[in-house]
Structure formats: structure tokens, C-alpha cells
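The residues making up each chain are set out below.
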Amino acid sequence: MGVKRLFQNLSYDFRRNRALLLMILPVVIYLLVFSYVPMAGAVIAFKSYNFNDGIFGSPWCGLNNFRFFFMSGKAWQVTKNTVLYNAAFIVTQNVLEITAAIFLSEIAKPRFKKITQGAMFLPNFISWVVVGAIAYNLLSYDFGFINNVLTSMGMEKWDVYTDASDWPGIFVFLSAWKHIGYGSIVYLAAIMGISSEIYESASLDGANEWQKIRYITLPGIKPTFVVLLILAIGNIFRGNFDMFYQLVGTNGLLYNATDVIDTYVFRSLLTTYEFGMSSAIGLYQSVLCCITLVVTNLIIRRINPENALY
Amino acid sequence: MKKFTRFLSALLIAVLLIPTASVALADSAEPTELIFYFLGEEMEDDKVVIGAINEKLIEKLNCYMTIEYVPFGEVNTTYPLLFASQTRMDAVFAAYFTGYATLANKDAYMELTEEMLKEYAPLTWEDTPAEVWDQARINGKIYAVPQLYIENIQGVLGIRGDLREKYGLPEVTDIPSLENYMAAVAENEDELVPLLFGTMYNYLYDILMFEPNEWASDGNVSQICMAYELTEDAPTPFCYLYTDEYREAVETVYRWNQNGWISRDSLSNTHTNRENMTNGRIAVMMDNSGTVNTTGQDILKQNTGAYLEMVDLSGDAKILRYAATGGMLAIPTQSQHPELVLQVVDYLRNDKEMNYLVQRGIEGEDAQWYLAGELNEDGTVNENIVAFGERNSLYGGNWICWSAFRNWDYQTLPAAENCISGYRDIWNDMNERSINNIMQAFTFDTTNYQNELAAIQSVYDEYGKPLNLGFVDPSTGIDEYIAMMEAAGLTTVIDAYLQQAADYLAAQGAAAQAE
């Protein structure tokens with residue numbers, strides 16, 4: 001009876017929401033093809049891969065593919081670096097993006113607003129390869145622009161490629177510079193969604209600009225912030241490979257402060273062609289990301305169920 | 001509606017018929033397309049040269065080559081994916097530095113049996129010495145056709161002769177005179193540094209350690225730092241990290257670095273020696289003789305008064321001739337036409353006209369090359385010595401010609417006018433001193449040590465490179481480096497390596513006795 005009832009309900013839902021379901025169909029297909037079907041390939045993490053037998057035909061090798069990661073004693077350090085960098089990026093970028101979005105929403109002149117927005121958005125389109133090349137030409141000890149200026153002013157050179165201490169700051173700055181334009185648009189859209197009537201009545205009640213931001217805008221964009229936060233935390237174990245690799249490259253002196261899981265694995269496996277081993281670490285990251293996502297969502301649901309993802 | 005249904009049916013039938021029609025068209029009269037993958041990028045005159053080669057191929061073998069490229073910078077990333085993704089290709093460049101042994105063990109390449117080679121590449125099989133075939137063997141099986149070429153890629157120096165004269169210094173002939181030159185440059189020049197290394201700094205240790213000691217290293221697994229005495233007939237390999245010679249070399253480099261002779265950008269620089277020298281950033285380049293010569297030509301073309309002198313510090317020490325596995329052609333397992341590929345190799349490698357086409361390009365002063373007219377001792381023209389035509393630089397920059405097509409009967413050496421000071425003498429001298437060694441054909445089977453090798457690789461990058469370029473004090477740095485290598489499993493891998501090498505040498509000795 002239960003099954004029959006279920007089918008009846010389903011077919012009723014389908015008939016009633018046909019248009020909506022059709023609209024979501026492309027996304028469902030996209031996720032199936034690019035996210036769910038490839039998941040079967042995760043078995044390669046437990047296989048000793050060869051080209052002839054392919055992913056499913058190659059022999060099993062248990063957890064052997066994970067060994068190298070924990071053997072060199074770097075697993076903890078690169079995992080820690082990955083999480084700390086991502087945490088720093090999440091905090092700084094969200095603060096800057098929200099601030100930028102509020103400023104943008106307050107700008108009255110449309111032309112100035114568009115130019116500002118465009119200028120902020122531009123870095124998003126510059127690839128990390130180009131940023132890496134520009135950074136090298138700026139920061140190079142013997143030939144860099146910055147050191148040339150410093151020397152001509154009689155100051156000491158900035159030895160950034162042999163001293164790791166300044167790199168966390170450089171990464172946080174560059175990551176914010178590149179992403180702030182894109183992120184602020186999302187928040188700007190959320191701000192635009194807040195009804196103007198609320199602001200008008202607040203003005204009538206004598207609220208100043210700061211009070212409007214504090215009591216209307218910020219609470220209004222809270223749901224957006226929480227969703228973005230959960231999604232970002234869901235990726236906290238994945239390092240931005242392009243950024244770290246293009247800026248640091250193969251400079252061993254900087255690894256302690258700059259090596260993330262992705263760059264470490266790339267370097268270790270570059271010459272061994274072990275797809276199984278690189279997939280093993282990919283799986284390690286995915287499992288950790290999945291756990292953090294679930295836990296974060298759980299915590300948010302405890303605090304305020306309305307803001308949770310599910 | 002009926003009309004529409006008919007139209008749909010007709011369309012369906014037409015679509016179904018297309019493959020049949022194309023099968024019918026692809027009969028034996030149509031030349032077969034062979035897809036070759038090489039390293040590098042397409043050059044301006046490739047189409048003309050390959051077009052000329054294809055004309056002959058169609059005539060003789062009814063096939064033609066389509067060339068695809070893997071850029072040099074993507075050798076470690078894109079190259080293995082060609083096999084994993086089962087990309088359509090019939091032949092592919094292979095070398096020890098593209099992971100030939102590892103990929104052969106993973107079934108990426110087709111085994112080339114003796115029968116296949118005898119039947120489809122008989123001239124190649126016949127003319128290639130057994131010890132060269134042995135270099136291409138992995139666990140006794142051949143997976144690629146090795147190159148036949150006399151080439152020495154040891155490190156030599158490129159010195160800015162104009163600067164040396166400016167400071168009134170004598171020619172560089174040894175390490176102390178090199179140091180005097182570097183000191184003068186560091187003291188007097190603001191715009192350039194004596195040395196700036198990049199991702200490749202192996203020539204530095206060639207000059208300081210391998211050449212003077214007559215050592216050779218194993219490039220297949222460079223991260224475990226194994227070397228051997230190249231003058232011995234059956235040498236026992238050793239890990240050079242534990243030797244006094246390594247310590248001395250590292251101490252020298254550390255001193256250079258502390259003196260400011262090595263740029264502090266060396267760990268992050270990604271430009272090649274050639275780029276840094278032609279851009280006027282360095283006063284000394286350490287590279288192989290061919291590259292130093294080409295760079296010297298580049299500098300002369302700039303007409304700034306700067307010029308390069310080539311210096312070889314290896315004296316009369318024996319050096320190792322470049323491995324035949326440094327440029328090969330393999331047939332991937334997914335190839336559709338392995339027999340035809342072998343026939344093409346046999347033709348291009350052994351036919352003089354075809355070999356000149358593929359290696360040198362089109363003949364003519366307005367094309368790539370022409371005979372320089374230098375004479376042999378018997379008065380005949382030396383066909384190996386070639387002058388550069390107007391379009392010389394528009395062909396040969398990628399590695400179409402650096403593979404199994406190479407044949408030492410048709411060696412190419414630039415004419416005197418295309419050589420910088422010192423090149424010809426060094427080239428001739430090195431050829432006389434260079435030898436092969438039985439260990440060149442030894443391949444360490446890494447199958448059971450992939451985890452250790454990956455962990456060691458990361459230590460090698462993190463601790464080895466800064467130490468080797470003088471950024472870390474060797475008095476503590478060497479011990480720390482070795483300790484990290486051992487923690488990553490170096491001892492286990494070395495033991496296995498020595499065991500496999502001993503087994504290999506014993507087998508070779510037994511085979512030689514049996515003969």
C-alpha cells in the first residue's frame with residue numbers, strides 16, 4: 001500500500017510541478033554526469049593503476065596509495081597550512097566583500113558605481129599564471145621593480161624569495177584582490193533584495209546611515225552569508241593549487257609556510273605517474289571536506305535552523 | 001504529418017548510411033593517416049617540411065604523418081594523460097626523462113618484438129648495435145626504437161668574453177679563474193649577476209662533481225642520487241650524498257652564494273639559462289655545449305658588442321656519451337598501425353635524403369640548411385657540416401628530429417661560421433673522450449617503491465635544491481637533508497637498487513661469458 005501511495009503522490013507532484021521540474025532537469029543531468037557518475041572512479045584510489053586494464057580492471061592494492069603522504073612526515077603540516085590559509089581567506093574575503101557591497105549599494109551615481117564595480121571585478125579574469133609572472137617581476141631580488149625602487153631610495157632590499165615569513169600576508173592580499181569583485185556582487189544582489197520600504201520607514205523613525213546598515217542591511221544579508229560560509233568551509237581542505245603553485249613554484253625554502261596539500265601531492269607525484277596515489281589524496285580531501293560540511297551545517301542548524309542548508 | 005514522417009525516415013537512413021559510405025571510401029587507395037606526438041611546439045616551417053616528407057611517404061608507403069605536440073613544460077602532466085585518456089595516436093616520443101621505464105611497466109607502450117622489428121624495420125634492426133637496443137629494454141623487452149646519435153650533453157661554461165676583457169682578466173681555464181671572473185662581475189656590474197639558476201641546475205654539479213670525478217648519474221630516478229664510476233666495466237653504484245666529493249661541491253656552491261655570485265632568485269626563477277643570458281641578466285651560463293653555442297649566436301645577433309666564449313673544465317677526463325634513451329619513438333598500446341609506424345621509422349632513419357629532410361629541413365640557402373663545403377681529409381665534401389640557411393631558425397626547435405629518426409651516419413654539425421669560440425674544439429675533444437657504460441642499460445624497477453620514491457622526491461625538492469644552490473649552510477644542511485631522505489625511505493630504496501644492479505651486472509656478465 002505504501003509503495004502504491006508513494007507513486008501516486010509522486011505522479012501527482014510531477015503533474016502539478018511539471019514546468020518547475022523541467023527547469024531543474026538540466027542541473028540534475030549536469031550533476032549526474034559530472035559529479036555522481038565520476039564518483040565510481042574513486043575506486044582508483046585503492047588500485048594499482050595500469051593503462052591496459054584501466055580504472056576498473058587494474059588490481060586492488062588496499063590502502064597502499066595513501067602511504068607516501070604520511071611517510072615523509074609532511075601530512076600534518078600541509079593539511080594545517082591548507083586549513084589555516086583557507087580560514088584566513090574566508091574571514092578576510094567575506095569582511096571585505098560585505099564592506100565593498102555595502103559601499104557599492106550606497107553609491108548614488110550609477111556611472112561611478114559601474115566603473116568601481118568593473119575595476120574590482122577585473123582581477124577575477126587574470127589567470128594565476130599571469131599573476132605569478134607579474135609577482136616575480138615585481139618581487140625578484142636582483143631584477144624586481146620593488147627592489148629597484150627600494151635600492152634607489154637607499155633602502156634595504158626585500159628578500160622575499162628566500163624568506164618565508166611574508167608569504168601568508170602576500171597570499172591573503174592577492175587572494176582578496178582577485179576574489180573581492182566577484183564575491184561582492186553576490187552580496188550586492190542580496191542587499192538589492194531587501195525591500196526599500198524597510199529603509200524608508202527606518203528613515204522616518206530617524207535612523208542614520210550607520211544604524212540602517214547595522215540593523216537592516218547586515219541582518220538582511222545574513223542568510224546569504226551563512227550559505228556562502230558553509231559552502232566555503234566545505235572546501236576548506238582543498239588548497240588553491242593555481243595560486244600557490246604559480247607564486248611559489250619549486251622554491252623549497254618557502255614550503256614550510258606555503259605548501260598546501262595540492263601542491264605537495266603534485267610535486268611528489270610529478271615524476272611517478274601514479275594516478276592512484278594522487279586520487280587517494282583527492283579522496284582524503286573529499287572525505288575531510290564532507291565531514292566538515294556536515295558538522296558546520298549541524299552547528300548552524302542548532303543555532304538557527306532557518307539558516308542551515310538542510 | 002505523413003510528409004514529415006517520410007522526411008524523418010529519409011534523414012535517418014541517410015545518417016545510418018554515412019559511416020558505411022566513409023568505410024567504402026577508405027579503401028586501400030586512400031593513404032593512411034599516422035598521428036605522431038612529439039615534444040615542443042609547432043614551428044613556422046613545420047608544415048612545409050612535413051609536407052615534403054609526407055609526399056615521399058605517400059609515394060613509398062601510402063601513408064602520411066600528422067604531427068601533434070606536447071609542450072616542454074607539460075611533459076610531466078599532459079604526456080601521461082595521452083595514455084590514460086586513450087588519445088588517438090600511432091607513435092609517441094619517449095625518453096628516460098618522460099618516464100619511459102615507469103610507463104612501459106604500466107603497459108602504456110606496445111612491446112616491439114624482435115620479429116616485428118626484423119620484418120618492418122629491418123635496416124634499423126640491423127644497423128643498431130645490440131648495446132643500444134639493450135638501453136631501451138625494460139625487464140628484457142623493447143618498447144621503443146632508440147636514437148643513434150653521437151651526442152655529449154655534459155655541462156660547459158658560457159663566459160661573457162667582452163666583460164672578461166673589460167676587466168683585463170685572462171681566459172677562464174679552471175675554478176679559481178672562474179671565481180676571479182665572477183668576483184669582478186659582482187663588484188663592477190649593477191645590471192647583471194654572475195649566476196642565476198632555474199628549474200635546471202644539473203650542469204652546476206656536472207662541472208663541480210661528476211666530470212672531474214668521472215662519475216655518471218642515473219637520470220631515471222634522479223631523486224635517490226645514485227651514481228657510478230663510468231670508467232669501470234662493471235661499476236657498483238653508490239649514493240653520492242654520502243661522499244666527500246658531494247660535500248666539497250656543496251661547500252663551494254655555498255661559498256659562491258655567500259659571496260653574492262648566485263642570484264637570490266635562483267629558487268624561484270623559471271627562465272632558462274639561454275633566456276637569462278640573452279636578456280643580459282647573467283655573466284656565466286652553465287649548460288650543454290649545443291645550448292651555449294645557440295645562445296652565443298643569439299647574443300651576436302643583438303650587435304651589442306657582447307660575445308660568449310665556451311669553456312670546458314673537464315680536462316681530459318672521460319665523459320659519458322648521451323644515452324640512446326634520451327630520444328626514442330614508442331608505439332602506444334592504442335596505436336592502430338604499429339607495423340606502418342615501424343616502416344616509416346625505417347625509411348626516415350635510413351634513407352639519406354629523408355633523414356636530411358626530417359633532421360635538417362629543406363636544403364637551400366633561402367631554406368633551412370646547405371652544405372658548408374668543408375672538406376674531409378680525402379678531399380671530399382664533409383656532408384655532416386652544415387651552414388644555416390635564411391629560414392634555419394624556423395624548423396627544428398621542437399623534437400620531431402630528436403628521436404628515433406636520428407642516425408649517426410647522417411650526423412649534423414654547424415659550420416665554423418655558426419659556432420662560437422671554443423665550440424668546435426670542445427665538440428671534437430668530447431667525442432674522443434666520451435664512452436658508454438654498461439649501467440646505461442640498467443633500469444631500476446620501481447614498481448614496489450613508488451611510495452618511498454614519491455616521499456623522497458618531495459624531500460629532494462624541499463631540502464635538496466636549496467642546499468645544492470648554496471642557500472643552506474652545508475655544515476648542518478647536508479646531515480639534515482640526509483636524515484630527511486632516510487626518514488622518507490632512502491635506505492630501503494638504495495638497498496633494492498643495489499640488489500637489482502648486482503643482479504643485472506651478474507646477468508650481463510653471464511651473457512658475455514656465454515658468448
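Residues numbered from 1 in each chain as written. Chains lettered and ligands numbered in written order. Predicted model: local features only at pLDDT ≥ 70, side-chain atom pairs only at ≥ 80, totals over all residues. Heavy atoms only, no water.

Engineer: Just checking my understanding: could you explain the sheet that holds strand β7 (residues 155-160) of chain B for this structure?
Structural biologist: Strand-to-strand pairing in sheets goes through backbone hydrogen bonds, with the strands running parallel or antiparallel. Residues and elements named next belong to chain B. Strand order in the open sheet formed by 3 strands is β11-β7-β12, and the pairing between neighbours is antiparallel. For this open sheet the edge positions go to β11 (284-288) and β12 (308-311), each flanked by a neighbour on one side alone. Each neighbouring strand pair of the sheet contributes to a mean axis angle of 30°, computed without reference to strand direction. Here β7 pairs with β11 via 5 bridges, running antiparallel. Considered in β11, the bridge of G158 is made with M285. (Pairing = 2+ DSSP bridges. Helix = DSSP H or I, 4+ residues; strand = E, 2+ residues; numbered from the N terminus. Axes fitted to C-alpha atoms, helices over the stretch in contact; angles between N-to-C directions.)

Engineer: Help me understand the packing of helix α5 (residues 75-106) of chain A against helix α6 (residues 110-121) of chain A in this model?
Structural biologist: Working note: a packed helix pair is described by the angle between its axes plus the distance between those axes. All names here are of chain A. At a minimum axis distance of 9 Å, the contact between α5 and α6 shows a crossing angle of 160°. By the angle between their axes, α5 is roughly antiparallel relative to α6. α6 is crossed by α5, and the crossing has left-handed handedness. Counting all contacts with α5, which are made through A100, L104 and S105, the residues of α6 involved are K113, T116, Q117 and M120. (Parallel < 35°, antiparallel > 145°, perpendicular 65-115°, else oblique. Left-handed = near helix turned anticlockwise from the far one by under 90°. Contact = heavy atoms within 4.5 Å.)

Engineer: What should I look at first to understand the packing of aromatic side chains in this one?
Structural biologist: For any pair of aromatic rings, the description consists of the separation of the ring centres together with the inter-plane angle of the planes. Taken as a whole, this structure holds 48 aromatic pairs over all chains when the rule is applied. Here the aromatic rings of F46 of chain A and F66 of chain A are separated by 5.8 Å at their centres, their planes lie at 40°, and the arrangement is tilted. Within this pair, whereas F46 of chain A is found in the loop between α2 (18-36) and α3 (54-57), its partner F66 of chain A is found in the loop between α3 and α4 (67-71), the two being separated by 20 residues in sequence. These aromatic residues form a ring-pair network of at least three members: Y49, F51 and F275 of chain A together with Y79, F83, Y100 and Y109 of chain B. A cation over a ring is seen here: R281 of chain B above F143 of chain A, with NZ or CZ 4.6 Å from the ring centre. The ring of Y356 of chain B has R360 of chain B lying over it, and the distance from NZ or CZ to the ring centre is 3.9 Å. (Phe/Tyr/Trp six-rings, centres within 6.5 Å; stacked < 30°, edge-to-face > 60°. Lys NZ or Arg CZ within 6 Å of the ring centre and 35° of its normal.)

Engineer: Is there a simple way to think about the interface of chain B and chain A in this case?
Structural biologist: By a widely used convention, the size of an interface equals the accessible area lost when the partners come together. Contact residues are listed per partner, giving 46 residues for chain B and 39 residues for chain A. Summed over both partners, the interface of chain B with chain A buries about 3,700 Å², with 56% contributed by carbon and sulfur atoms. For the interface between chain B and chain A, the tally reads 19 residue pairs in polar contact (both at pLDDT 80 or more). Residue assignment for the side of chain B that touches chain A shows that the elements contributing at least two residues are α3 (78-84), α4 (100-105), α17 (450-468) and α18 (474-487) of chain B. Among the elements that take part in the side of chain B that touches chain A, α17 of chain B stands out by supplying 12 residues, more than any other. (Buried area = accessible area lost by both parts, 1.4 Å probe. Polar contact = N/O pair within 3.5 Å; in protein donor to acceptor, adjacent residues only side chain to side chain.)

Engineer: Help me understand the domain arrangement of chain B, please; the structure alone is not making it clear to me.
Structural biologist: For chain B, the assigned domains are domain 1 (30-150 + 326-357), domain 2 (155-320) and domain 3 (363-389). Computed over C-alpha atoms only, the centres of domain 1 of chain B and domain 2 of chain B are separated by 33 Å. (Domains from an automatic or database assignment.)

Engineer: How should I be thinking about the side chain of R267 of chain A in this particular structure?
Structural biologist: You can see R267 of chain A is positioned in helix α14 (residues 261-269). Among all residues touching R267 of chain A, those that are not within four sequence positions of it are Y255 and D259 of chain A together with Q457 and D461 of chain B.

Engineer: Even after reading the chapter, I still don't get the nonpolar core, so can you show me in this structure?
Structural biologist: Proteins that are soluble and globular tend to have nonpolar side chains buried together. Core analysis: the biggest nonpolar cluster contains 73 residues, and Y205, L241, Y246, W256, M286 and Y481 of chain B have the highest contact counts within it. The leading source of residues in this core is helix α19 (residues 490-514) of chain B, at 8 residues. Residues within four places of L241 of chain B in sequence aside, it is in contact with C225, Y246, I478, Y481, I482, M485 and L490 of chain B. One finds I44 of chain A together with I35, F38 and L82 of chain B within the second-largest nonpolar core, a separate group that totals 69 residues. (Core = buried A, V, L, I, M, F, W, Y, C linked by side-chain atoms within 4.5 Å. Buried < 20%, exposed > 50% of the residue type's maximum accessible area, 1.4 Å probe, protein only.)

Engineer: Help me understand the sheet that holds strand β9 (residues 226-229) of chain B in this model?
Structural biologist: Residues and elements named next belong to chain B. Read across the sheet, 3 strands follow the order β8-β9-β10 without closing on themselves; strand pairing throughout is antiparallel. Bordering the open sheet on either side are β8 (215-217) and β10 (238-239), each of which pairs with just one other strand. Bridge count for β9 against β10 is 2 bridges, and the pairing is antiparallel. From the neighbouring strand, A227 faces β10, where its bridge partner is F238. Contacts from helix α10 (residues 202-213) reach β8 and β9 within the one sheet, and its direction differs from that of β8 by about 120°.

Engineer: Would you mind going over the packing of α5 of chain A against helix α9 (residues 167-192) of chain A with me for this structure?
Structural biologist: Residues and elements named next belong to chain A. Look at α5 against α9: their axes get within 6 Å of each other, and the N-to-C directions meet at 45°. Comparing their axes, α9 and α5 come out oblique. α5 and α9 meet at a crossing whose hand is right-handed. Its residues placed into classes, the contact of α5 with α9 shows 19 nonpolar, 8 polar and 1 charged. (Nonpolar A, V, L, I, M, F, W, Y, C, P; charged D, E, K, R; others polar.)

Engineer: Got a minute to help me understand the domain arrangement of chain A in this structure?
Structural biologist: All names here are of chain A. The domain boundaries assigned to chain A delineate domain 1 (1-62) and domain 2 (72-307). Each partner contributes residues to the interface: domain 1 has 7 residues there, and domain 2 has 5 residues. Of the roughly 490 Å² buried at the junction of domain 1 and domain 2 (both faces included), carbon and sulfur atoms supply 80%. Per-residue buried area on domain 1 facing domain 2 is highest for I44, A45 and Y49; these three make up 66% of the total on that side. The tally of links from domain 1 across to domain 2 stands at 0 residue pairs in polar contact (both at pLDDT 80 or more). Residue classes in the side of domain 1 that touches domain 2 are distributed as 6 nonpolar, no polar and 1 charged.

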